[in-house]
Amino acid sequence: MDVLGRYRNLIVLVGVLFAQVLGLAVQVKRPSDNEPTRLIRIWAAGAVTPMEKVLVWVETSTRNVWHNYFYLRGLRAENRSLKQQIERMSLEQVRMSQDADQARRLQALLAFKEQFISQTMAAQVIGGSGSEQSRVVFIDKGYNDGVRPDMAVITADGIVGKVLESYRSPSTSKVLLINDQTSGVGVILDKTRLQGILRGTASGEVVLEKVMSDESVPAGELVLTSGGDGIFPKGLLVGRVTKVGSGSDLFLNIRVRPAADLNRLEEVLVVTKIDQRQALPEQTGAARAVDILAGRLPGVPSKPENAEKGDGAASASSEAKPKTVSQPPSAAMGAAAAAKTPPKPVKAVVEPTPQPAAEDSPH
Amino acid sequence: MAITYTSGAQVEVYRFSIPATVLIPLTAVFLQAWLPLRFHLFSFFDLPLLVTIGFATARRSPLAGLSTGALIGILQDALTHHPIGLYGISKTVVGFGASSLGIKLDVENAGARFLLTIFFYVVHEVVYFMIARGLVGLRVAWNWPHEFLSGMANALLGVFIFLLLDHVKQRT
């Protein structure tokens, strides 16, 4: 007993350390079964996030009052500049809408399924983890607001991360940033179309992994989401390649600068709903019955070069060579999509002869 | 006034009121979670660690020191996405060590506090590094200059925090 009394402090220390190491080992062994620690995490969030919410509310209100009522210097000039910008963007929009129409027609041809962000929720970043080893932030929207684990979190500049946990009370969620070492995002390079995995490092940098060392990746190339991770829809801006070096093994060491400023996050968008839909034939603007009919009817073939070889050879050649069909290319594409059959070469390769009457024909 | 005697030296033992015992660590964890978002450089500091050292050296009770360290560490762990216990174990060790050393040494002057904080900052980082690498399998980088500079920065801040804690501690 005397020995126990003498070494009481040490025994308690060893006991407390042993209990924590045991708990740690259980969590590492069964990372998916986080129910025992979930309660502690909810309590911790409940203790800290209300203070953060109050502070962020005071900060935002003060800033709004200042910017909306007092600090209005240069507002007229800014207004003028924004109007000019709107005019420029309107012109650009016309051009882009034409491009989008064309893209939709091609997607319909390929039965391509697109992912659309159909619903987002604005949220305010209220706090972080307080650890350099754990790059997570807390937002002021939780389970009751419709936030669920594995939802994508983005800003207007680029992607931010994904929701790890969402709590009912307090209404808050934990978001894992893309520069955390446990994070992984499927990405694709904009021009070279190389795919890889974006990961964070221990120092908070972002690297692109799994790009073979024999590939050429220029610095400055844009990095977009590939949609392969099932979290982020395809085509969202991730960042830009800053440095390319030879890495270990067979892969390149590519550093990426995230487009969103992950160190100064204030407002983010949680993607609460992603639609996956196919480009509709009517969106192609040319799925007319008359076009379908025109596609199926025999056209007037150009005279085959090897006509002397017989009828069979001639018909085979007529499939391989361009035919003169009075049908605009868009109509042909729409016809192929509507017929739900693979487009015959005759439809894919046509000489464009505009026929407005066919375009305006009723179904 | 209760005085403890260790190796012939007179050492004063302090205590903290219940509101201070609860609110000060909570505020430290809250500020640690909030300030780096506004001032990124603040991520160099570890306010909960400084509070752990401050409480432990003032109370001079190893049991109180290790339990304070364990609770603050677990609270800090709960805000991360890593398993709970990484900061818990590190701060338990620091709380125990700081309070044990507080019995032997005079930690009332700024110089001693400065050196003590650097020492325990490094101890904390070493323990964290070992557990993170060995038990959890995290890729944690170790950089001596960075750790030493962070230790200096924390020690400087620690001196001021200990001065603030001096105002709320009460003699037993």
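Residues numbered from 1 in each chain as written. Chains lettered and ligands numbered in written order. Predicted model: local features only at pLDDT ≥ 70, side-chain atom pairs only at ≥ 80, totals over all residues.

A. Quick peek at the overall build of chain B. Along the backbone of chain B there are six helices and four strands. Looking at chain B residue by residue over its 172 residues, the buried ones come to 50%. Residue pairs in contact within chain B that sit at least 24 positions apart in sequence constitute 69% of those at least 6 positions apart. (Helix = DSSP H or I, 4+ residues; strand = E, 2+ residues; numbered from the N terminus. Buried ≥ 20, exposed ≤ 12 C-beta atoms within 10 Å, placed from the backbone. Contact = placed C-beta atoms within 7 Å.)

B. Structural view of the overall build of chain A. Broken down by element type, chain A carries nine helices and twelve strands. In chain A, which comprises 363 residues, the share counted as buried stands at 29%. Taking contacts inside chain A between residues at least 6 apart in sequence as the whole, the part at least 24 apart equals 63%.

C. Quick look at the interface of chain B and chain A. Taken together, the contact between chain B and chain A spans 36 residues of the former and 38 residues of the latter. Listed by contribution, the elements that provide at least two residues to the side of chain B that touches chain A are α1 (18-38), α3 (62-79), α4 (86-104) and α5 (110-136) of chain B. Looking at which element gives the most residues to the side of chain B that touches chain A, the answer is α3(B), with nine residues. The residue makeup of the side of chain B that touches chain A, split by class, is 25 nonpolar, ten polar and one charged. (Nonpolar A, V, L, I, M, F, W, Y, C, P; charged D, E, K, R; others polar.)

D. Just the sheet that holds strand β9 (residues 222-225) of chain A, in detail. Residues and elements named next belong to chain A. Strand order in the closed barrel made by the six strands is β6-β7-β8-β11-β10-β9, with antiparallel pairing throughout. Neighbour to neighbour, the strand axes of the sheet diverge by 45° on average, direction disregarded. Of the strand pairs in this sheet, strand β6 (residues 184-189) and strand β7 (residues 195-200) are connected by five bridges, and their pairing is antiparallel. In the sheet register, Gly184 faces β7, and the bridge partner there is Arg199. (Pairing = 2+ DSSP bridges. Axes fitted to C-alpha atoms, helices over the stretch in contact; angles between N-to-C directions.)

E. Fine view of the pairing of strand β4 (residues 159-167) of chain A. Residue and element names in this part refer to chain A. Extensive coverage of β4 is indicated by the burial of eight of its nine residues. Looking at chain direction, strand β3 (residues 152-154) and β4 are connected through three bridges and run antiparallel. Bridging across to β4, Val153 finds its partner in Gly161. Hairpin remark: β3 followed by β4, antiparallel, with four residues in the connecting loop. Bridge count between β4 and strand β5 (residues 172-177): six bridges; the pairing is antiparallel. Bridging from a neighbouring strand, Glu165 pairs with Lys174 of β5. Counting the residues in the hairpin turn of β4 and β5 gives four residues.

F. A look at unusual backbone geometry. In this model, A:Ser169 is joined to A:Pro170 through a cis peptide bond whose omega is 5°. With respect to the helices and strands, the residue A:Pro170 is situated in the loop between β4 and β5. At A:Lys210, a position not held by glycine, the phi torsion is positive, near 70°. Topologically, A:Lys210 is positioned in the loop between β8 (206-209) and β9. The backbone phi angle of B:Arg60 is positive, close to 60°, even though this residue is not glycine. Along the chain, B:Arg60 turns up in the loop between α2 (47-59) and α3. B:Arg60 gets classed as buried once you count the C-beta atoms within 10 Å, which come to 23.

G. View of α3(B). Here α3(B) contains 18 residues, and its C-alpha end-to-end distance of 26 Å stays within 8% of the 26 Å for a straight helix at 1.5 Å per residue. The buried fraction of α3(B) is high, at 15 of 18 residues. (Expected span 1.5 Å × (residues − 1).)

H. Layout of the confidence of the model for chain A. Chain-level statistics for chain A give a pLDDT mean of 77 and a share of 73% at 70 or above. Scored below 50 in pLDDT, residues 307-363 of chain A shows 95 contacts in the model against residues more than four places distant or in partner chains. (pLDDT = per-residue confidence, 0-100.)

I. View of the packing of α4(B) against α5(B). Residues and elements named next belong to chain B. Contact geometry for α4 and α5: axes closest at 9 Å, N-to-C directions at 150°. The angle between α4 and α5 places the two elements in the roughly antiparallel class. Seen from above, α4 lies across α5 with right-handed handedness. Contacts between α4 and α5 pair Leu86, Ile89, Ser90, Lys91, Val93, Val94, Gly97, Ala98 and Leu101 from the former with Leu116, Phe120, Val123, His124, Val127, Tyr128, Ile131, Ala132 and Val136 from the latter. (Parallel < 35°, antiparallel > 145°, perpendicular 65-115°, else oblique. Left-handed = near helix turned anticlockwise from the far one by under 90°.)

J. Structural view of the pairing of β5(A). Residues and elements named next belong to chain A. Extensive coverage of β5 is indicated by the burial of six of its six residues. Side chains of β5 alternate between two faces, with Thr172, Lys174 and Leu176 and Ser173, Val175 and Leu177 buried alike. In this structure, strand β2 (residues 136-139) lies alongside β5, joined through four bridges in antiparallel fashion. Looking at the pairing, Val136 lines up with Leu176 of β5.

K. Layout of α4(B). Taking 1.5 Å per residue as the helical rise, α4(B) with its 19 residues ought to reach 27 Å, and the 28 Å between its terminal C-alpha atoms agrees with that figure. Counting buried positions over the 19 residues of α4(B) gives 17, a clear majority of the element.

L. Inspection of the nonpolar core at higher detail. Core analysis: the biggest nonpolar cluster contains 97 residues, and A:Val160 and A:Val238 have the highest contact counts within it. A:Val160 has contacts with A:Val153, A:Ile154, A:Thr155, A:Val175, A:Leu177, A:Ile178, A:Ala260, A:Leu262, A:Leu265 and A:Val268, leaving out every residue within four places of it along the chain. (Core = buried A, V, L, I, M, F, W, Y, C linked by C-beta atoms within 7 Å.)

M. Quick look at the environment of A:Val16. Along the chain, A:Val16 falls in helix α2 (residues 8-29). Of the residues examined, A:Val16 has 21 C-beta atoms within 10 Å and is grouped as buried. In sequence terms A:Val16 and A:Val26 are ten residues apart; their C-alpha atoms lie 16 Å from each other. Leave out the neighbours within four places in its chain, and A:Val16 touches B:Leu66, B:Ala70 and B:Thr92.

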